[in-house]
Amino acid sequence: MSNFKQLPTLGFVEACKLASSRLTEFSGRSRRSELWWWMLVVMIINEVASLFSTNLLVTAIISIIVMFFGLSVTVRRVQDTGKPAFWVYLSYGLGIIYQLYIALSGTMASLVEMVQQGDMEKISEFAESNMGDFGVMSGIGTLWSIASIVVIVFCLLDSDPQANKYGDSPKYIVEE
């Protein structure tokens with residue numbers, strides 16, 4: 001039986017350099033530290049970029065573009081635990097559908113405008129007449145949430161010390 005030695009955790013700069021150099025690489029494996037440090041950077045970029053837009057469609061497009069910067073590292077991280085990348089693609093796909101549906105349906109923009117005006121009677125009538133849209137948003141949002149939770153749980157799991165079908169472990173080395 002092999003003895004495995006755990007490599008030190010990646011620091012912020014090292015993790016960000018590694019993740020950014022592998023933006024289009026979907027094969028292989030990534031460590032938790034690479035994923036979480038890189039996702040912190042991606043989320044900050046997304047928040048800052050979204051500050052410059054009040055249009056829901058523009059904000060959705062910015063979020064979708066920025067989301068792709070985290071896709072490859074998330075795929076590699078899930079593969080590091082031996083799980084299929086299907087869950088990552090499902091989560092990202094549902095997130096895109098959800099954001100575009102909200103932005104393009106106009107329902108949320110209209111609701112926000114009515115809330116700002118404070119006319120509760122109009123809001124109640126609007127909600128009743130748009131139950132279908134709210135149902136679709138809720139359904140897609142629920143599916144997206146479930147898929148995202150599955151991905152997060154997979155990303156929290158420890159690496160498999162042995163090589164798996166996605167490659168050698170980036171965290172453990174065989175000690176002779």
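Residues numbered from 1 in each chain as written. Predicted model: local features only at pLDDT ≥ 70, side-chain atom pairs only at ≥ 80, totals over all residues. Heavy atoms only, no water.

1. Some words on helix H2 (residues 32–50)
Between its terminal C-alpha atoms H2 stretches 26 Å, which fits the 27 Å expected from 19 residues at 1.5 Å a residue. Within H2 the residues assigned to the buried category are Ser33, Glu34, Leu35, Trp38, Met39, Val41, Val42, Asn46 and Ser50. Along its buried surface, H2 packs onto helix H1 (12–21), helix H3 (56–67), helix H4 (71–80), helix H5 (86–105) and helix H8 (131–156). (Helix = DSSP H or I, 4+ residues; strand = E, 2+ residues; numbered from the N terminus. Expected span 1.5 Å × (residues − 1). Buried < 20%, exposed > 50% of the residue type's maximum accessible area, 1.4 Å probe, protein only. Contact = heavy atoms within 4.5 Å.)

2. Quick look at the packing of aromatic side chains
Centre-to-centre distance and the angle between the planes together describe a pair of aromatic rings. In this structure the tally under the stated criterion is four aromatic pairs. Considering the side-chain rings of Phe12 and Trp37, the 5.3 Å spacing of their centres and the 80° angle between planes classify their relative orientation as edge-to-face. With a gap of 25 residues between them, Phe12 in helix H1 and Trp37 in helix H2 connect regions that are remote in the sequence. Accessibility expressed as a relative area gives 36% for Phe12, which makes it partly exposed. By relative accessible area, Trp37 is classed as partly exposed at 35%. Looking at Lys83, its charged tip hangs above the ring of Phe154, at a distance of 5.7 Å from the centre. (Phe/Tyr/Trp six-rings, centres within 6.5 Å; stacked < 30°, edge-to-face > 60°. Lys NZ or Arg CZ within 6 Å of the ring centre and 35° of its normal.)

3. Notes on a nonpolar patch on the surface
The grouping of Phe12, Val13, Trp37, Leu40, Ile44, Val48, Leu51 and Phe52 at the surface amounts to a nonpolar patch, some 820 Å² of accessible area in total. When residues of the nonpolar patch are traced back to their parent elements, those giving at least two are H1 and H2. Among the elements that take part in the nonpolar patch, H2 stands out by supplying four residues, more than any other. Topologically, Leu51 is positioned in the loop between H2 and H3. Leu51 sits in the exposed class, given a relative accessible area of 69%. (Patch = residues over 30% accessible without salt bridge, like charges linked within 9 Å, V, L, I, M, F, W, Y side chains within 5 Å. Areas by Shrake-Rupley, 256 points an atom, 1.4 Å probe, with all protein chains shown as cover. Salt bridge = Lys/Arg side-chain N within 4 Å of Asp/Glu carboxyl O.)

4. Considerations on the pattern of salt bridges
The full count for this structure, using the stated rule, is seven salt bridges. Across the pair Glu34 and Arg76 runs a salt bridge whose closest N-O atoms are separated by 2.9 Å. In this pair, Glu34 is assigned in helix H2 and Arg76 in helix H4, connecting sequence segments 42 residues apart. On the basis of relative accessibility, which here comes to 1%, the residue Glu34 falls in the buried class. Taking the relative accessible area as the measure of exposure, Arg76 reaches 0% and is therefore buried. In the salt-bridge network here, residues are joined through shared partners; they are Arg22, Glu25, Glu34 and Arg76.

5. Observations regarding the confidence of the model for the chain
Summary statistics for the chain give a mean pLDDT of 90 and a share of 99% for residues scoring 70 or more. Summarising per-element confidence for the chain, the mean pLDDT is lowest in helix H6 (residues 107–117) (80) and highest in H4 (96). (pLDDT = per-residue confidence, 0-100.)

6. Some points on the environment of Lys165
As for its placement among the helices and strands, Lys165 is situated in the loop between H8 and strand E2 (172–175). C-alpha separation for the pair Lys165 and Asp80, spaced 85 residues apart in sequence, amounts to 9.4 Å.

7. Examining the side chain of Ser50
By the secondary structure assignment, Ser50 is in helix H2. Residue class for Ser50 comes out buried when judged on its relative accessible area of 17%. Within the structure, Ser50 has its side chain in polar contact with the backbone oxygen of Asn46 (distance 2.9 Å). (Polar contact = N/O pair within 3.5 Å; in protein donor to acceptor, adjacent residues only side chain to side chain.)

8. Let's talk about a negative patch on the surface
Together, Asp119, Glu121, Glu125 and Glu128 give the surface a local cluster of negative charge. Residue placement: Glu128 occurs in helix H7 (residues 120–129). (Lys, Arg positive; Asp, Glu negative; His and termini not counted. Charge placed at Lys NZ, Arg CZ, Asp CG, Glu CD.)

9. Re the side chain of Ser30
Following the sequence through the fold, Ser30 ends up in the loop between H1 and H2. The class of Ser30 is buried, set by a relative accessible area of 0%. Polar contacts involving the side chain of Ser30 include one to the side chain of Glu34, which spans 3.0 Å. A polar atom in the side chain of Ser30 sits 2.7 Å from the side chain of Arg76. Discounting chain neighbours no more than four positions away, the residues touching Ser30 are Arg22, Val73, Arg76, Arg77, Asp80 and Pro170.

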